[in-house]
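So the chains spell out like this:
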Amino acid sequence: KFGIGVDDDHPPPELKVTKRGAAPLGGGSVNFYCPIVKELNPIDFVDFGKVKRVRGTAVSCRIPPSSAARVAHSVKGVMHRLLPDVWIHTDVHSSSGKKGKSGDVGGCGPSP
């Protein structure tokens, strides 16, 4: 945690997507909150450990919802060969008020 948000006086950092945007014009908006700290605590990766689970989202905009489902299914198929706990959700956007300058133009792909 680098020493941020480890006590009750300082809440943890927060990132909130308020408006999605896609290429070519973008227009997305995010709010990032992080309390002010005097210094960050270093971390030392001595033992990397193993990946236990994978979580992701396949996002699609202005293309058929089945495209995001196909991406999620393909990613699950590849990842299940490596580990058993994989969840890939689909997030299909339609015409709504929460969009950037490019409207609903976009594609789909997994996100970290």
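Note: the structure precedes this text.
Everything numeric in this text was worked out from a predicted model, so none of it was measured.

Caption draft 1: Layout of the pattern of salt bridges. This structure, assessed with the given rule, holds two salt bridges. For Asp 85, the salt bridge goes to Arg 53, with nearest N and O atoms at 3.7 Å. Highlighted residues: Asp 85 in the loop between α1 (65-79) and β4 (86-93) and Arg 53 in the loop between β2 (29-33) and β3 (54-61), separated in sequence by 32 residues. By relative accessible area, Asp 85 is classed as partly exposed at 26%. Linking Asp 85 and Arg 55 is a salt bridge whose minimum nitrogen-to-oxygen distance equals 3.3 Å. In this pair, Asp 85 is assigned in the loop between α1 and β4 and Arg 55 in strand β3, connecting sequence segments 30 residues apart. Given the relative accessible area of 34%, Arg 55 is considered partly exposed. Each of Arg 53, Arg 55 and Asp 85 takes part in salt bridges that share partners, so that together they form one network.

About the criteria used
Residues numbered from 1 in each chain as written. Predicted model: local features only at pLDDT ≥ 70, side-chain atom pairs only at ≥ 80, totals over all residues. Heavy atoms only, no water. Salt bridge = Lys/Arg side-chain N within 4 Å of Asp/Glu carboxyl O. Helix = DSSP H or I, 4+ residues; strand = E, 2+ residues; numbered from the N terminus. Buried < 20%, exposed > 50% of the residue type's maximum accessible area, 1.4 Å probe, protein only.

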